[in-house]
Amino acid sequence: MTPTRWPAATAAGLAVAATLLAGCTDVQRALNKGGDTPCSEYVKQDQDTKRMTVTKFVKQQTNDQHEPAGTTVDATMVAVDFLCGTQRNADTPIKNADIAGIFFNK
């Protein structure tokens, strides 16, 4: 590659990389299991991914594709964090996490 083409090739490569990275969020949303996410997987997620998971879970519960209120997502995250952190059965999906699961292996 000649020196005059190097900046153009670099810019094109960066544009492709940026496009691929930006698309990850859409792919993550599409592959996210929402309420079917097992607690073992949920507790390993970063805060942004947890928020995405819980948001999808709330949408599944309400059967509404509109974005739920931030307070609803926050409260649900607190409950799921607590319940999944204390589940004896790590394979319990977040939609089934409950107080009984803390004491009994389902």
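Located above this text is the structure these notes cover.
Residues numbered from 1 in each chain as written. Predicted model: local features only at pLDDT ≥ 70, side-chain atom pairs only at ≥ 80, totals over all residues. Heavy atoms only, no water.

Chemist: Quick one: what's the story with the overall build of the chain, residue by residue and with numbers?
Modeler: A tally of helices and strands in the chain yields five helices and zero strands. Moving toward the C terminus, one meets the helices and strands of the chain in the order α-α-α-α-α. Burial status across the chain gives 30% buried among its 106 residues. For the chain, restricting intrachain contacts to residue pairs at least 6 apart in sequence, the fraction spanning at least 24 positions comes to 42%. When the accessible surface of the chain is totalled, it reaches about 7100 Å², and 61% of it is carbon and sulfur. (Helix = DSSP H or I, 4+ residues; strand = E, 2+ residues; numbered from the N terminus. Buried < 20%, exposed > 50% of the residue type's maximum accessible area, 1.4 Å probe, protein only. Contact = heavy atoms within 4.5 Å. Areas by Shrake-Rupley, 256 points an atom, 1.4 Å probe, with all protein chains shown as cover.)

Chemist: Please provide a residue-by-residue account of the pattern of salt bridges, values included.
Modeler: According to the stated counting rule, one finds five salt bridges in the structure shown. A salt bridge links Asp-74 to Arg-51, with the shortest nitrogen-to-oxygen separation between them at 2.8 Å. In this pair, Asp-74 sits in helix H4 (residues 70–86) while Arg-51 sits in helix H3 (residues 47–62), placing the two residues 23 residues apart along the sequence. Since its relative accessible area comes to 32%, Arg-51 is described here as partly exposed. (Salt bridge = Lys/Arg side-chain N within 4 Å of Asp/Glu carboxyl O.)

Chemist: Any chance you could break down the packing of H3 against H4 for me, citing the residues and the numbers?
Modeler: Two measures define how a pair of helices packs: the angle their axes make with one another and the distance between the axes. Running from N to C, H3 and H4 point in directions that differ by 105°, and their axes come no closer than 9 Å. Overall, the two elements H3 and H4 adopt an arrangement that is roughly perpendicular. Along the contact surface, H3 presents Gln-47, Lys-50, Arg-51, Val-54, Thr-55, Phe-57 and Val-58, while H4 presents Gly-70, Thr-72, Val-73, Asp-74, Thr-76, Met-77, Val-80 and Asp-81. Taken together, the residues of the contact of H3 with H4 break down into six nonpolar, five polar and four charged. (Axes fitted to C-alpha atoms, helices over the stretch in contact; angles between N-to-C directions. Parallel < 35°, antiparallel > 145°, perpendicular 65-115°, else oblique. Nonpolar A, V, L, I, M, F, W, Y, C, P; charged D, E, K, R; others polar.)

Chemist: Describe the nonpolar core, with residues and values.
Modeler: Among the nonpolar cores identified, the biggest contains ten residues, and these are Cys-39, Tyr-42, Val-54, Phe-57, Val-58, Val-73, Met-77, Val-80, Cys-84 and Ile-94. If you list the elements that add at least two residues to this core, you get helix H2 (39–42), H3 and H4. Considering every element that reaches this core, the biggest residue donor is H4, with four residues. (Core = buried A, V, L, I, M, F, W, Y, C linked by side-chain atoms within 4.5 Å.)

Chemist: Please give an account of unusual backbone geometry that cites residues and values.
Modeler: Of note in this structure, Asn-63 is not a glycine but carries a positive phi near 55°. The residue Asn-63 is located in the loop between H3 and H4 in this model.

Chemist: Could you give me a rundown of the state of the cysteines, with the residues and numbers involved?
Modeler: Chemically, a disulfide is nothing more than a covalent bond linking the sulfur atoms of two cysteines. In this structure the tally under the stated criterion is one disulfide. Two residues, Cys-39 and Cys-84, share a disulfide whose sulfurs are 2.1 Å apart. In this structure, the disulfide formed by Cys-39 and Cys-84 twists by about -60° around the S-S bond and is classed as left-handed. Here Cys-39 is found in helix H2, whereas its partner Cys-84 is found in helix H4, with 45 residues between them in sequence. Judged by its relative accessible area of 3%, Cys-39 is buried. (Disulfide = S-S within 2.5 Å.)

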